[in-house]
Amino acid sequence: MAETAAPHLEHSPHLAHHFETPTQQRESATLGMWTFLATEVMFFGGLFAGFIVYRFTTPQAFALSSRQLSVLLGSINTAVLLTSSLTVALAVRAGQTGDRRLQVRFLLATIVLGVIFLGIKGVEYSEEFEKQLVPGYNFSTQALNIPSDASDLVVRRTQMFFVFYFFMTGLHAFHMIIGIGVFAVIAWFASRGKYGPEYYTPIEISGLYWHFVDIVWVFLYPLLYLIDLHK
Amino acid sequence: MSEHIASVKDYLTVYAILMVLLVATVVAAFVDLGPLNFPFSMAIAVVKAVFIILIFMHVKHNEPLVRVFAVAAFLWLAILIGLSLADYFTRGWLNIPGK
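What counts and what doesn't
- Residues numbered from 1 in each chain as written.
- Chains lettered and ligands numbered in written order.
- Predicted model: local features only at pLDDT ≥ 70, side-chain atom pairs only at ≥ 80, totals over all residues.
- Contact = placed C-beta atoms within 7 Å.
- Helix = DSSP H or I, 4+ residues; strand = E, 2+ residues; numbered from the N terminus.
- Nonpolar A, V, L, I, M, F, W, Y, C, P; charged D, E, K, R; others polar.
- Core = buried A, V, L, I, M, F, W, Y, C linked by C-beta atoms within 7 Å.
- Buried ≥ 20, exposed ≤ 12 C-beta atoms within 10 Å, placed from the backbone.
- Domains from an automatic or database assignment.
- Axes fitted to C-alpha atoms, helices over the stretch in contact; angles between N-to-C directions.
- Parallel < 35°, antiparallel > 145°, perpendicular 65-115°, else oblique.
- Expected span 1.5 Å × (residues − 1).
- Bend = angle between axes of the 7 residues up to and from the residue.

1. Considering the interface of chain B and chain A
Residue-level contacts link 41 residues of chain B with 41 residues of chain A. Counting residues per element, the ones that place at least two in the side of chain B that touches chain A are α1 (8-30), α2 (37-56) and α3 (64-90) of chain B. Here the side of chain B that touches chain A gets 14 residues from one element, more than from any other, and that element is α3 of chain B. A per-class count over the side of chain B that touches chain A returns 32 nonpolar, 6 polar and 3 charged.

Here it is, written out as structure tokens:
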């Protein structure tokens, strides 16, 4: 093979042959990831659009349902996730500066924060399960304190709130589980010294994914937890 | 390009801003702002997202093409939500059977 191929110029071991320069390679990877994230925005966007339409057509039902969620746990989880975004950003920075120890530490910190988030989410889910708020499984409006003058539509739409709640937070949690898995692999590679100033694309790219998942939660949190709290 | 290495201080500043905004959104949710509660909480979420996108996701120091892709994603989302709401909000304006 080597004899018949074009002369092999010396280049960085990280540079794939179909790229001219490491910079072009990195830019392509970033652009590809953003393309994927754009599809993810559309993916979650449908749920967000549906949620907003239902929320404004039956605001009372969504406010009543929202009261059953734990604002405290939701807020703590938001803080946990924002912190994990910071640790990811610092892990990417450690990739840029070539500090292998910091890469591993910040990636592990991110994984731990992600697991804490999922643990708290699990506690919330179990509370909602006990209050019989899981649509299609054990849904009952008993816990909701629905006023007796509420219309049938309002009563039915409370269940719709929880359909959105479980789908959106569930889809989000699923993304986090994937992210944690990805970071576990990246952290292992990082510990073997695979990443440095010349090549840290995998940390950067998986970081973009994690930040995106964080942004999804940034919008889920006020939409689901903070509906008409002042009333 | 992401050759640019942001300082740790920049990241910590953004993190502090995000935390302040989180507290602000919780506090504001308990205050009666009339019809403004929802827009206010969404505005805070948008500001948070912009900080994450520009600084944490390095869009600020990235290729213009990456910025175009990032903006396009959210622009399309805005169209999706904007036109859906334009439909549902205006249905009551006309007395059409089956609306």
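Read on for the rest.
2. Let's talk about the nonpolar core
In terms of nonpolar packing, the biggest core is built from 78 residues, with A91 and L107 of chain A touching the most fellow members. Looking at this core element by element, the count peaks at 15 residues for helix α6 (residues 201-225) of chain A. Here this core spans two domains, and each of domain 1 (1-62) and domain 2 (64-99) of chain B adds at least three residues to it. Discounting residues that sit within four places of it in the chain, L107 of chain A has contacts with A91, F183, I186, A187 and A190 of chain A.

3. Examining the packing of α1 of chain B against α2 of chain B
Residue and element names in this part refer to chain B. At a closest axis distance of 10 Å, the pairing of α1 and α2 adopts a crossing angle of 170 degrees. It follows from the interaxial angle that α1 and α2 lie roughly antiparallel. Across from D10, V14, I17, L18, L21, A24, T25, A28 and A29 in α1, the residues of α2 making contact are N37, F40, S41, I44, V47, K48, F51, I55 and F56. By residue class, the composition of the contact of α1 with α2 is 13 nonpolar, 3 polar and 2 charged.

4. Re unusual backbone geometry
Most peptide bonds take the trans configuration, and most residues that are not glycine carry a negative phi. At D228 of chain A, a position not held by glycine, the phi torsion is positive, near 45 degrees. When you line up the elements, D228 of chain A lands in the segment after α6. Of note, H58 of chain B is a non-glycine position whose phi angle comes to about 60 degrees, a positive value. Counting through the fold element by element, H58 of chain B comes out in the loop between α2 and α3.

5. Some details on helix α1 (residues 22-57) of chain A
The end-to-end C-alpha distance of α1 of chain A, which contains 36 residues, comes to 52 Å, matching closely the 52 Å that a straight helix rising 1.5 Å per residue would cover. Largest kink in α1 of chain A: about 30 degrees, centred on G45 of chain A. When we look at burial in α1 of chain A, the residues that qualify are R26, T30, M33, W34, L37, V41, F44, F48, F51 and R55 of chain A. For α1 of chain A, the secondary structure elements touched by its buried residues are α2 (59-66), α5 (152-191) and α6 of chain A together with α3 of chain B.

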